[in-house]
Amino acid sequence: MDGEYVAGAWPLRGVGPREGLPAGLVWPLRRGEEGGPTEWGTRSGAFRRAARGLWVPAGVEATPEQRIVEAAAVLSGYGAVTGWAALRWQQAMWFEGLDLAQRPRPVVLAVGDLHAVRPRARIKVSQEILPPGTIRRVRGLRVPLWSVAFEMRKAPSDEAALVAFELAAMHDLVSIVELADFVASSLWVRQGVPRLRTLLPELDENSWSPMEPVMRRTWCRAERPRPLTNRPVFTLDGRFVGTPDLIDPVAGVYGMYDGGLHLAGEVRHRDVAKEAAYRALGLEGVIMMAGDIADREPFVGRLHEAYARAQRRRPEERRWRTEPPTWWVPTFTVAQRRALSPEQRAKFLRYRPAA
């Protein structure tokens, strides 16, 4: 994402950020401030309180982006928005700002000194130290370079941390190498680094949705070889057939996640046609469904069955390959995608939400 690195602070509260906000978002103002409410306006219900002493018009919807702006307005001379909110602000999909019970999560502000900003109902304060050169200005707000590491360290589980990284990597905000460098050099971070170090070997940079890393982790926990993520499948003569969510290119087993969206008629029709095409090439498939998330055993059983079917396939039935032909432009890693021109991104990543 485009952004300007900064080591200092805004010269005045609200001056810098207000100038760069995307259209439709409202920067909170104080009573009597230019453009701000009068005392009568705040008493009449025409404005709602965004934070102590800060107000926005009552009709402003509290979208995730607006909540982030209102939290950022509390910052004065030091600090930045971090965690899910910083990733969302950098336009990463799936970071909705909701917990497992679908309740709004607080926006986290890294301020170093807990006394610099008081925690509030919608704001959580972190004592994260922000070394010089580690803050980035994106669309008018300050965000740390390592917001994804914060989100991973504070995630409720290792699996949630894995998902957080791969959704950030989908948008090319971080690579595995960059996270490894952070782990090696983050001497100022007190908690959560051992988790990052443990998860490094499991990370992938080519997931396209939250469920792909979940399915891959379940696959590996079933003591099957680690599959490739979103790797295209070709005929032996190089014709593109499709891109399954996961594929074990040695065994000839692929995996797909079938959520609620896939039950719709047109989507399901495409899925069935794709499954038939894979079978015709000699691949055996396994489907993870939404109901498998709470209890993984049924999926694991179907996975083992798929491996058993693949093992019974004769060598001459293997009419597919995963090695791209020479004309194919690979986009499997963050580095490969960052190297694309804007025109190439529009062409080669048009099927991805990150495009």
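Use the structure listed above.
Since we're looking at a predicted model, the values are computed, not measured.

S.K.: Even after reading the chapter, I still don't get the packing of helix α5 (residues 147-154) against helix α6 (residues 158-170), so can you show me in this structure?
M.R.: Each pair of packed helices gets described by two things: the angle between the helix axes and the distance between those axes. At their nearest, the axes of α5 and α6 sit 8 Å apart, and the two run at 160° to each other. Between α5 and α6, the interaxial angle falls into the category roughly antiparallel. Like other packed secondary-structure pairs, α5 and α6 cross with a definite hand, here right-handed. Along the contact surface, α5 presents V148, E151 and M152, while α6 presents A161, A164, F165 and A168. The class makeup of the residues in the contact of α5 with α6 is six nonpolar, no polar and one charged.

S.K.: Sorry, what's going on with the pairing of strand β2 (residues 47-51) here?
M.R.: Looking along a regular strand, one sees side chains alternate from face to face of the sheet. Sheet topology places β2 next to strand β3 (residues 54-57); four bridges connect them, and they run antiparallel. Its bridge partner lying in β3, F47 is registered against P57. Counted along the chain from β2 to the antiparallel partner β3, the turn is two residues long, and its residue G53 has a positive phi close to 80°.

S.K.: Is there a simple way to explain unusual backbone geometry in this structure?
M.R.: If a residue is not glycine, its phi is most likely negative; likewise, a peptide bond is most likely trans. For Q91, which is not glycine, the phi dihedral falls at a positive 70°. As for its position among the elements, Q91 is in the loop between α4 (83-89) and β5 (107-110). By relative accessible area, Q91 is classed as partly exposed at 47%. Phi at R139 is positive, roughly 50°, even though this residue is not glycine. Tracing the backbone through its elements, the reader meets R139 in the loop between β7 (135-138) and β8 (141-144). We classify R139 as partly exposed; its relative accessible area is 28%.

S.K.: How should I be thinking about the sheet that holds strand β9 (residues 228-229) in this particular structure?
M.R.: Two modes of strand pairing occur in sheets, parallel and antiparallel, and in both the strands are linked by backbone hydrogen bonds. The strand order across the open sheet built from four strands is β9-β12-β13-β14, with neighbouring strands paired in mixed fashion. Edge strands, defined here as strands with exactly one partner in the open sheet, are β9 and β14 (284-289). Of the pairings in the sheet, the one linking strand β12 (residues 246-248) to strand β13 (residues 253-258) comprises three bridges and is antiparallel in character. Paired with D248 across the bridge in β13 is V253. Across the sheet, helix α9 (residues 211-221) is in contact with β9, β12, β13 and β14; its angle to β13 comes to roughly 135°. Running at roughly 175° to β14, helix α11 (residues 297-312) makes contact with β12, β13 and β14 of the sheet.

S.K.: Looking at this model, I keep getting lost on the pattern of salt bridges. Mind explaining?
M.R.: Pairing of side chains with opposite charge becomes possible as their charged atoms draw close. Tallying each qualifying case throughout the model produces 21 salt bridges. Ionic pairing is found between R105 and E151, a salt bridge with its closest N-O pair at 2.9 Å. Within this pair, whereas R105 is found in the loop between α4 and β5, its partner E151 is found in helix α5, the two being separated by 46 residues in sequence. Overlapping salt bridges, with partners in common, bring together E284, R309, R313, R314, E316 and E317 in one network.

S.K.: Quick question: what am I supposed to make of the nonpolar core here?
M.R.: Counting residues in hydrophobic clusters, the biggest one holds 69 residues, and the most contacted among them are W89, L109, M152 and L179. Residues in contact with M152, not counting those within four places in the same chain, are A161, A164, F165, L179, R195, L196, L199 and L203. Membership of the second largest hydrophobic core comes to nine residues, among which are Y254, M256, Y278 and L281.

S.K.: For this particular structure, what's the right way to read the environment of D245?
M.R.: Here D245 shows up in the loop between β11 (240-242) and β12. Judged by its relative accessible area of 10%, D245 falls in the buried class. Note: C-alpha distance between D245 and N206 (39 residues apart in sequence) is 9.7 Å. Residues contacting D245, with those up to four places away along its chain left out, are E212, M215, L228, T229, N230, G255, M256 and Y257. A distance of 2.7 Å separates a polar side-chain atom of D245 from the backbone nitrogen of Y257.

S.K.: Can you help me understand the packing of aromatic side chains in this one?
M.R.: Each aromatic ring pair is specified by the distance between its two centres and by the angle formed by the two planes. This model, assessed by the stated rule, comprises eight aromatic pairs. Aromatic pair F234 and F240: ring centres 6.0 Å apart, planes at 65°, arrangement edge-to-face. F234 sits in the buried class, given a relative accessible area of 0%. For the ring pair F234 and W327, a centre distance of 6.5 Å and an interplane angle of 90° mean the geometry is edge-to-face. Placement of F234 in strand β10 (residues 233-235) and of W327 in the loop between β15 (320-321) and α12 (334-338) is noted, with a sequence separation of 93 residues between them. One aromatic cluster in this structure is built from F234, F240, W327 and W328. Cation over ring: R224 sits above Y307, and NZ or CZ is 4.3 Å from the ring centre. Lying over the aromatic face of F332, R231 brings its terminal NZ or CZ to 4.0 Å of the ring centre.

Reading the values: rules and limits
- Residues numbered from 1 in each chain as written.
- Predicted model: local features only at pLDDT ≥ 70, side-chain atom pairs only at ≥ 80, totals over all residues.
- Heavy atoms only, no water.
- Axes fitted to C-alpha atoms, helices over the stretch in contact; angles between N-to-C directions.
- Helix = DSSP H or I, 4+ residues; strand = E, 2+ residues; numbered from the N terminus.
- Parallel < 35°, antiparallel > 145°, perpendicular 65-115°, else oblique.
- Left-handed = near helix turned anticlockwise from the far one by under 90°.
- Contact = heavy atoms within 4.5 Å.
- Nonpolar A, V, L, I, M, F, W, Y, C, P; charged D, E, K, R; others polar.
- Pairing = 2+ DSSP bridges.
- Buried < 20%, exposed > 50% of the residue type's maximum accessible area, 1.4 Å probe, protein only.
- Salt bridge = Lys/Arg side-chain N within 4 Å of Asp/Glu carboxyl O.
- Core = buried A, V, L, I, M, F, W, Y, C linked by side-chain atoms within 4.5 Å.
- Polar contact = N/O pair within 3.5 Å; in protein donor to acceptor, adjacent residues only side chain to side chain.
- Phe/Tyr/Trp six-rings, centres within 6.5 Å; stacked < 30°, edge-to-face > 60°.
- Lys NZ or Arg CZ within 6 Å of the ring centre and 35° of its normal.

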